[in-house]
Amino acid sequence: MGSRRTGNGEEKVYEAATLWVDRALKADDSLFMPGKAIWTRQNLAELRERFLDRPDESGNGFYEKLRGQLAGSPPEIYHLMAEVLYVHFLIIHQSAARIDTKADGINRVLGWSSEPASIPVDLVAGLSPGIAHPGQFFQRRRDLQLGFIIELVERLKEQDVAVRTDLLNDPWMFKTFSENLDFRSNLLSGVNAAYGVRAQRYAIYHLLFPDTFEGTVSNEHMNRIATRFSHLIENTTTDIDRTLQDIRARLEEYYGRRISFYEDEIRRQWDVRYKYDPEAFPDGNSGSVTVGNQVPNERVDLTALSDELYLPSEFLEEINTLLEDKKQVIFQGPPGTGKTYVARKLAEHIAGSKDRVTLVQFHPSYDYVDFVQGYRPAPMDNGQPGFKLLDGPLLQAAKQAEGESDAKHFLIIDEINRGNVAKVFGELYFLLEYRDDNIRLQYHVGHDERFILPRNLYIIGTMNTADRSIALVDLALRRRFYFVEFHPNKWPIEGLLRRYLEKNPPAADWDVASLVDRANALLSDEPNAAIGPSHFMKPGLDEATVERIWKYGVLPYIEERLFGQDDGRLADFDLAKLRQTATANGANGDQNGNYSGNDASSD
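From N to C terminus, the protein chain includes 27 helices and 7 strands. Evaluated residue by residue, the protein chain yields a buried proportion of 53% over its 603 residues. Once local pairs closer than 6 in sequence are excluded, the contacts in the protein chain between residues at least 24 apart make up 70%. When the accessible surface of the protein chain is split by element, carbon and sulfur atoms take 47% of a total near 26,200 Å².

This brings us to the nonpolar core. General note: in soluble globular proteins, nonpolar side chains tend to be found buried as a group. Trp 20, Phe 32, Tyr 86, Ile 106 and Leu 208 are the most contacted members of the largest nonpolar core, which totals 92 residues. The element contributing the most residues to this core is helix α4 (residues 75-90), with 11 residues. Not counting the four nearest positions on each side in its chain, Leu 208 is found in contact with Trp 20, Val 21, Leu 25, Leu 168 and Phe 174. Val 300, Leu 309, Leu 311 and Val 512 belong to the second largest nonpolar core, which has 53 residues in total.

Glancing now at a nonpolar patch on the surface. Among the surface-exposed residues, Tyr 375, Phe 387 and Leu 389 lie close enough to one another that they form a single nonpolar patch of about 310 Å² accessible area. Relative to the helices and strands, Tyr 375 resides in strand β3 (residues 373-379).

Each aromatic ring pair is summarised here by two numbers: the centre-to-centre distance and the angle between the ring planes. Counted according to the given criterion, the structure contains 24 aromatic pairs. For the pair Trp 20 and Trp 39, a centre-to-centre distance of 5.9 Å together with 65 degrees between the ring planes defines the contact as edge-to-face. You can see Trp 20 sitting in helix α1 (residues 11-25) and its partner Trp 39 sitting in the loop between α1 and α2 (41-52), a full 19 residues away along the chain. Grouping residues by exposure puts Trp 20 and Trp 39 together as buried. Judged by centre distance (5.2 Å) and plane angle (65 degrees), the rings of Trp 172 and Phe 213 are edge-to-face. Placement of the pair is Trp 172 in helix α10 (residues 171-179) and Phe 213 in the loop between α12 (198-208) and α13 (219-228), with a sequence separation of 41 residues.

Structurally, Lys 65 can be placed in helix α3 (residues 62-70). Aside from chain neighbours lying at most four places away, what touches Lys 65 is Asp 56, Ser 58 and Asn 60.

Summarising the element assignment, Glu 154 is placed in helix α8 (residues 142-157). Between the alpha carbons of Glu 154 and Arg 41 there is a distance of 5.7 Å; along the sequence they are 113 residues apart. Leaving out residues up to four positions away in the same chain, Glu 154 has contacts with Leu 44, Ala 45, Arg 48 and Arg 184. Of note is the side chain of Glu 154, whose polar atom sits 2.6 Å from the side chain of Arg 48.

Quick look at the packing of helix α24 (residues 496-503) against helix α25 (residues 512-522) now. Any two packed helices are characterised by how steeply their axes cross, that is the angle between the axes, and by the distance between the axes. It is the contact of α24 with α25, at a shortest axis distance of 9 Å, that shows an interaxial angle of 170 degrees. The angle between α24 and α25 places the two elements in the roughly antiparallel class. Note on element contacts: α25 touches α24 through Val 512, Ala 513, Ser 514, Val 516 and Asp 517, opposite Leu 497, Arg 498 and Leu 501. A class-by-class count of the residues in the contact of α24 with α25 yields 5 nonpolar, 1 polar and 2 charged.

Here we take up the sheet that holds strand β7 (residues 482-485). Taken together, 5 strands build an open sheet; the order of strands is β2-β5-β6-β1-β7 and the sheet is parallel. Single-partner strands in this sheet number two, and they are β2 (357-361) and β7. Taken over all neighbouring pairs, the strand axes of this sheet differ in orientation by 20 degrees on average, direction set aside. The pairing of strand β1 (residues 328-333) with strand β6 (residues 457-464) spans 6 bridges and is parallel. Within β6, the position partnered with Gln 332 by the bridge is Met 463. Strand contacts of helix α18 (residues 339-351): β1, β2, β5 (409-414) and β6, with the helix running at about 175 degrees to β5, the strand carrying the most contacts. On top of the sheet, helix α20 (residues 393-403) reaches β2, β5 and β6; it is set at about 145 degrees to β6, its chief contact.

This part takes up α18. Between the first and last C-alpha of α18 there are 18 Å, a value that for 13 residues agrees with the 18 Å anticipated at 1.5 Å per step. All of the buried residues along α18 are Lys 339, Val 342, Ala 343, Leu 346, Ala 347, Glu 348, Ile 350 and Ala 351. Residues of α18 that are buried sit in contact with α16 (303-309), α17 (313-326), β1, β2, β5 and β6. Looking at the residues trailing α18, positive phi occurs at Gly 352, about 85 degrees.

Once that is clear, we can look at the pattern of salt bridges. When their charged atoms lie close together, side chains carrying opposite charge are able to pair. Scanning all chains against the criterion turns up 34 salt bridges. For Glu 115, the salt bridge goes to Lys 36, with nearest N and O atoms at 3.2 Å. Pair noted here: Glu 115 is in the loop between α5 (99-111) and α6 (121-124) and Lys 36 is in the loop between α1 and α2, with a separation of 79 residues, a long-range link. On the basis of relative accessibility, which here comes to 43%, the residue Glu 115 falls in the partly exposed class. The class for Lys 36 is partly exposed, based on a relative accessible area of 25%. As a salt-bridge pair, Arg 98 and Asp 100 come within 3.2 Å of each other at their nearest N and O atoms. Note on Asp 100: relative accessible area 37%, which makes it partly exposed. Here the residues in one salt-bridge network are Arg 48, Asp 53, Glu 151, Glu 154, Arg 155, Glu 158 and Arg 184, joined through shared partners.

With that settled, consider the pairing of β1. Burial within β1 is extensive, with 6 of its 6 residues counted as buried. Of the two faces of β1, the one carrying Gln 328, Ile 330 and Gln 332 and the one carrying Val 329, Phe 331 and Gly 333 are both buried.

Time to look at unusual backbone geometry. Ser 128 connects to Pro 129 through a cis peptide bond whose omega is 10 degrees. Mapped onto the fold, Pro 129 is located in the loop between α6 and α7 (136-140). The phi dihedral of Lys 327 is positive, around 75 degrees, even though this residue is not glycine. Of note, Lys 327 is situated in the loop between α17 and β1.

Take the environment of Thr 227 next. The topology assignment puts Thr 227 in helix α13. Judged by relative accessible area, Thr 227 falls into the buried class, the value being 10%. As a C-alpha pair, Thr 227 and Trp 270 span 43 residues in sequence and 8.1 Å in three-dimensional space.

Take the packing of α2 against α3 next. Running from N to C, α2 and α3 point in directions that differ by 125 degrees, and their axes come no closer than 8 Å. On the basis of the axis angle, α2 is oblique to α3. Where α2 crosses over α3, the handedness of that crossing is right-handed. Taking contact as the criterion, the partners of Leu 47, Arg 50 and Phe 51 in α2 are, on α3, Phe 62, Leu 66, Gln 69 and Leu 70. Here the residues of the contact of α2 with α3 sort into 5 nonpolar, 1 polar and 1 charged.

So, how was this worked out
- Residues numbered from 1 in each chain as written.
- Predicted model: local features only at pLDDT ≥ 70, side-chain atom pairs only at ≥ 80, totals over all residues.
- Heavy atoms only, no water.
- Helix = DSSP H or I, 4+ residues; strand = E, 2+ residues; numbered from the N terminus.
- Buried < 20%, exposed > 50% of the residue type's maximum accessible area, 1.4 Å probe, protein only.
- Contact = heavy atoms within 4.5 Å.
- Areas by Shrake-Rupley, 256 points an atom, 1.4 Å probe, with all protein chains shown as cover.
- Core = buried A, V, L, I, M, F, W, Y, C linked by side-chain atoms within 4.5 Å.
- Patch = residues over 30% accessible without salt bridge, like charges linked within 9 Å, V, L, I, M, F, W, Y side chains within 5 Å.
- Salt bridge = Lys/Arg side-chain N within 4 Å of Asp/Glu carboxyl O.
- Phe/Tyr/Trp six-rings, centres within 6.5 Å; stacked < 30°, edge-to-face > 60°.
- Polar contact = N/O pair within 3.5 Å; in protein donor to acceptor, adjacent residues only side chain to side chain.
- Axes fitted to C-alpha atoms, helices over the stretch in contact; angles between N-to-C directions.
- Parallel < 35°, antiparallel > 145°, perpendicular 65-115°, else oblique.
- Nonpolar A, V, L, I, M, F, W, Y, C, P; charged D, E, K, R; others polar.
- Pairing = 2+ DSSP bridges.
- Expected span 1.5 Å × (residues − 1).
- Left-handed = near helix turned anticlockwise from the far one by under 90°.

See below:
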């Protein structure tokens, strides 16, 4: 039994990982220059100080920032950084990053040293074919992943030889050691550090112990596998890796051979993107198991949606987690950042049907009668004009959800801040916070009928931060919703237009994404005036279309935001001038080593 990958040249990856353990972890030797002390505790500490304790928050590319951080380092620090980068690249499947892209990046770092070197030919083969597709966040925040490797090995080097030997020989002891790390660096000491390096941590587990830990770095996939096959194991555990090991043993016993969770016959049993075949595993059932802090039967696979939206699966998974926790979220950000579009697509994907998604838009005259329930003009049974008590979209959605309690339903409220939220929701404000309680609605006075807001009805609101009515949003609303930021200059919307245009190249001889980035840089003092990517996410985009969008869509918006300021400032947003500036700056997308491509899948 074993989880190591075979059949496509993966043995070269494992050979490289074993060499790293023997030379660098058990000793202080170099991967690229045997006999030279590179992986020493002192070198690791200096690299941490230069790279992790002085993070570069500029908008420059990864390699440009790295070169500045390492400037003035002795040769061994450059060599160590290059070898850390090599280890980081080992897990990445060739569909996410080509072997020449990986090698070029490593050799670039080696070339900065006063003692230039290059990757030995026999180790270049270890960069292909890779093992898993780690997703966009892994590659976009490469600094976090590299930082984890540096801190992990530095802490390992602090152990005496006997303890270090035990850790490198015992997978479960090593896992405990890794997960109990208290990060020291400025870069990794943040609240979400553990989440941000999760994929790299899984990658290291598999590279060091490929017969114990699965060759996937997707927490979502792990949980779906555990859920689907939970009926096969008698004793569940909160340790996802032990659960998968037990499931693997049972499946291999059943099939009488070594299996992979990613072979079609098995994958179609747990991956929602595959057609489910109940006959593929005769004694199977849907199963359900809680693994760690995850509740797998409340989660969905968002990989395909990630591809469609050009957004990281980690971002969508986080929103799904927020929805499960509070039932209500609000997407906030400047116009054109895709808030409503993402809300609809995400809701439809999770609900499994457009029919389970209700959309309403608030406006200043919208009130309780429109939204919840009230008397409206309607013909009476005798045909005479009169008034009837009619349900608004909230009650309609609630009743639909109540009638289909085993499915998730969504109510999307577009432009939620443009209405008087307290007035529109009325007594329903209470139920947003206390889903298990019931209340009597305004028009049920004198009746015993009570209303409960179903737990399977989720609410997603959108809020335009460029709209000055946002100042009117009260604290009661903020307490009842989680707020998710959609901003062109921040993750994950930053780079969205570039990712889209790389997959849908425009018919233009200039870089549209860099032009928008330049305009947003000029608006840095007006963050809520930033230009969203969706203006230009159109099929068949050409120069004429860009000019039309800019003239009739973007410029009037900028002019409104800059009203009352220096009239000359608007001239900076002349399209021809921006094109010239963007071209001169040479913002060419991935020239600095930022990856693109289908990076939403985790395998």
